[in-house]
Number of protein chains: 2
Amino acid sequence: VTRRFEVVTIIGVGLLGGSLALALKARGLVGTVRGVGHRRSSLAVAESKGAIDESFLDVGEAVRGAELIVVCTPAGLVVDKLDEIRSSCPPEAVVTDVASTKAVICAHAEHTWPRPLRFVGSHPMAGSDKFGPEHADPDLYCGSVTVISVSNHAAPEALDIVRAFWTEVGARIVELDPILHDALVARTSHVPHIMAACLAELAARAGHVEPVVGQGFRDMTRVAASRPELWRDICLTNRDAILESLDALEELLDEVRSMVAEGAGPGLEEFFRCAGLARRKALGE
Amino acid sequence: VTRRFEVVTIIGVGLLGGSLALALKARGLVGTVRGVGHRRSSLAVAESKGAIDESFLDVGEAVRGAELIVVCTPAGLVVDKLDEIRSSCPPEAVVTDVASTKAVICAHAEHTWPRPLRFVGSHPMAGSDKFGPEHADPDLYCGSVTVISVSNHAAPEALDIVRAFWTEVGARIVELDPILHDALVARTSHVPHIMAACLAELAARAGHVEPVVGQGFRDMTRVAASRPELWRDICLTNRDAILESLDALEELLDEVRSMVAEGAGPGLEEFFRCAGLARRKALGE
C-alpha cells in the first residue's frame, strides 16, 4: 500500500531524519516535508540540502495536519517527543521513530497513545560514523534492514503504511516483538559496542601500543569512534537486556580465564572452534 | 647488511613460512630453500608453488649447513623445535621464528642456546584468515610490521641479519623487549580475539540473530573465524599477560555495568567519549 503523503513531519533532522526526508522526496512519496529541530543551524543545513521544505522549532505546531510523523531524535528523547506531540497530533496520523531500542518506547506508546494505535516503532539498521544533516543521503536505507516492532494493538493500516514507506526507500522489513528486538540487539550490537570501547580504553592504558596495532584491533574498535550521546542513550533505554548480556559475557569470560590460567589446551581449542561456528550461525551462513 | 644466503631452512611451510620462502626467492636473497614439515602433502604443495627446493621430514637433517633457520610452526611448537635443532644446527647459523608470542620462546632460547646467541625472536604481524602453503604470497610481508625481540645477549651481527632480511621482504622493523611485546599484544590482539570469540558465542546462544546482525558485529567478530589451534597456542604461551589484561578488562566491565545498572547518563557518555579518544591514541592518530 504505497501512498503519497501530502505532509510528513520529521522530528530531528540529523543523518537518519535528513536521509529519510531526501529518500521520500527522491521517490516522489511526499509533498511537503516539515523539519523540527532545536537548533536553527541544523534546520538551515537540512533546508539547503533540499531535505526539508519548512523548518519548525515548535514540535506541536509542526505535527498539525501531518499524515506521517517520524521521530528521529536520539533514543533518549523519543518518549518525551511522543508526549509533546500527543495532543496536537491528528488522530489519523501514523507515527513512527528510528531509535535503536524499542521496548521502552513501544511500551510508552501503547500506554499513552489513543486507540486505534497508530504508533509503530521502527529501527532502521542504517547509518555510518558520520552524523548531521550535512551527510544526509537519499540512498542511506537502500539495502539495509528496518526492524518494525510488532504489537497486538497496532492498527493494521498503520503497520501497512510503515512497512510500505520503509520498503519504498530501499529497506528490507523484519518484524520483531520489541522486547525480543532489544534482547537480540543487546547481543549483536550494544554489548559488542561496550566491548569495543573497553578494548580501546585498555589498549590506550597500556602505553605506546601503536607499533603493534593491527587490522584486527582497528576493526574491533571501529565502533568506539561513534557518538557518545547515542550510546549513552542506548545504555539508558536498553538497560535490562544489556545487563543480562553483560552478565552472560562475564560468565563466559570467567570460563575462558580459568582455561587460560590452567593452560587447558584442548578446552581452549574447543572454545575457539565453537566460536568460529557460532559466528557463522549468527551471520546465517 | 643485506646478504644472500646459500641455504635457508624453513621449519613449517604454512602461510607464513611459505610466503617468506617465496619472498626471499623473489628478491634473489637465497640459493636453496629447504622446507621441513610433518606432512608430505604440505611439503609437496610448497614445492609445487616454488616456495621450497628440497623437502625434509627430519628437522635435524634439514638444518645441517643452513645459514638461516626460520621456525614457522605454530607458537606452541617453537620451543620443541629449538630443542630438536640445537645439536645439529651450525654454530654460525642465525635462527629466528615467527610466533605471535615472544617471552617464553626468547627466554628458552637465552637459557639453552650457545653463546654468542644467534637466536633472535621475530613476530611478523602479517597474515590473513587463509592458511596453508597454497596461499603463500611473496608480498605477504610488504607494508607489514615485524617486531624483533631485543635481548642483551643477542650477537649484534645476528640481529643485523634478522633486521635486514625482514626489511628486504617489505616489513618495517619495530624492536621490543619480549616481555613488553607480549604485554602489548595481549591488549591489542590476544584479549580482543578472546572477546570476539565470546561475542560470537553469545550472539549465537541468543537464537536467531541473523536479521539484526550489522556490519559492526561482522567486523568485531571477524577474527573469531581464524584457526583454533593458533589461538590455543597463543593463550598457552602468553598466559600471564593475557590473564593480567583479562583482569583489567573485567574491572572496566564492572564499572560500565554499574553505570548501566544505575542509569548513570553523564558517566556513560564520558566513558564512550574517552573510549573514542583512547582508540585514536592507540592508533597513533
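Fair warning: this is a prediction, and the values are worked out from it, not measured in the lab. (Residues numbered from 1 in each chain as written. Chains lettered and ligands numbered in written order. Predicted model: local features only at pLDDT ≥ 70, side-chain atom pairs only at ≥ 80, totals over all residues. Heavy atoms only, no water.)

Caption draft 1: Spatial organisation of the sheet that holds strand 6 (residues 122-124) of chain B. Residues and elements named next belong to chain B. Across the sheet, three strands lie side by side as 6-7-8; this open sheet has mixed pairing. Each edge of the sheet is formed by a strand with only one pairing partner; in this case those strands are strand 6 and strand 8 (172-176). Strand-to-strand, the axes of this sheet are offset by a mean angle of 20°, without reference to chain direction. Relative to strand 7 (residues 145-149), strand 6 runs antiparallel, the two being bridged by three bridges. Within the sheet, the bridge partner assigned to H123 lies in strand 7 and is V147. (Pairing = 2+ DSSP bridges. Helix = DSSP H or I, 4+ residues; strand = E, 2+ residues; numbered from the N terminus. Axes fitted to C-alpha atoms, helices over the stretch in contact; angles between N-to-C directions.)

Caption draft 2: Representation of the sheet that holds strand 5 (residues 94-97) of chain A in the model. Residue and element names in this part refer to chain A. Strand order across the open sheet formed by five strands is 3-2-1-4-5, with parallel pairing between neighbours. The open sheet has two edge strands, strand 3 (54-56) and strand 5, and neither has a second partner. Between one strand and the next, the sheet's axes are offset by a mean angle of 20°, whatever the strand orientation. In this structure, strand 1 (residues 5-11) lies alongside strand 4 (residues 68-71), joined through four bridges in parallel fashion. Pairing of I10 across the sheet is with V70, part of strand 4.

Caption draft 3: Main features of the side chain of R232(A). Mapped onto the elements, R232(A) comes out in helix 9 (residues 228-237). Setting aside residues no more than four positions away along its own chain, R232(A) makes contact with G265(B), L268(B), E269(B) and F272(B). (Contact = heavy atoms within 4.5 Å.)

Caption draft 4: Here's a closer look at the nonpolar core. Core analysis: the biggest nonpolar cluster contains 66 residues, and M195(A) and M195(B) have the highest contact counts within it. Of all the secondary-structure elements, those providing two or more residues to this core are helix 7 (178-205), helix 9, helix 10 (239-262) and helix 11 (265-282) of chain A together with helix 7 (178-205), helix 9 (228-237), helix 10 (239-262) and helix 11 (265-282) of chain B. The residues contacting M195(B), other than those within four sequence positions of it, are M195(A), L199(A), M220(A), L249(A), L253(A) and L249(B). (Core = buried A, V, L, I, M, F, W, Y, C linked by side-chain atoms within 4.5 Å. Buried < 20%, exposed > 50% of the residue type's maximum accessible area, 1.4 Å probe, protein only.)

Caption draft 5: Fine view of the environment of P116(A). When you line up the elements, P116(A) lands in the loop between helix 5 (103-112) and strand 6 (122-124). Distance from P116(A) to T237(A), taken between C-alpha atoms, is 26 Å for residues 121 residues apart in sequence.

Caption draft 6: Highlighting helix 7 of chain B. Residues and elements named next belong to chain B. The terminal C-alpha atoms of helix 7, which comprises 28 residues, lie 38 Å apart, in line with the 40 Å expected from a rise of 1.5 Å per residue. The largest bend in helix 7 amounts to roughly 55° and is located at A186. Most of helix 7 sits inside the fold, with 23 of its 28 residues counted as buried. One side-chain oxygen at the N-terminal end of helix 7 lies 3.0 Å from the backbone nitrogen of I179; it belongs to D177. Phi for G207, located one or two positions after helix 7, is positive at around 105°. (Expected span 1.5 Å × (residues − 1). Bend = angle between axes of the 7 residues up to and from the residue. Polar contact = N/O pair within 3.5 Å; in protein donor to acceptor, adjacent residues only side chain to side chain.)

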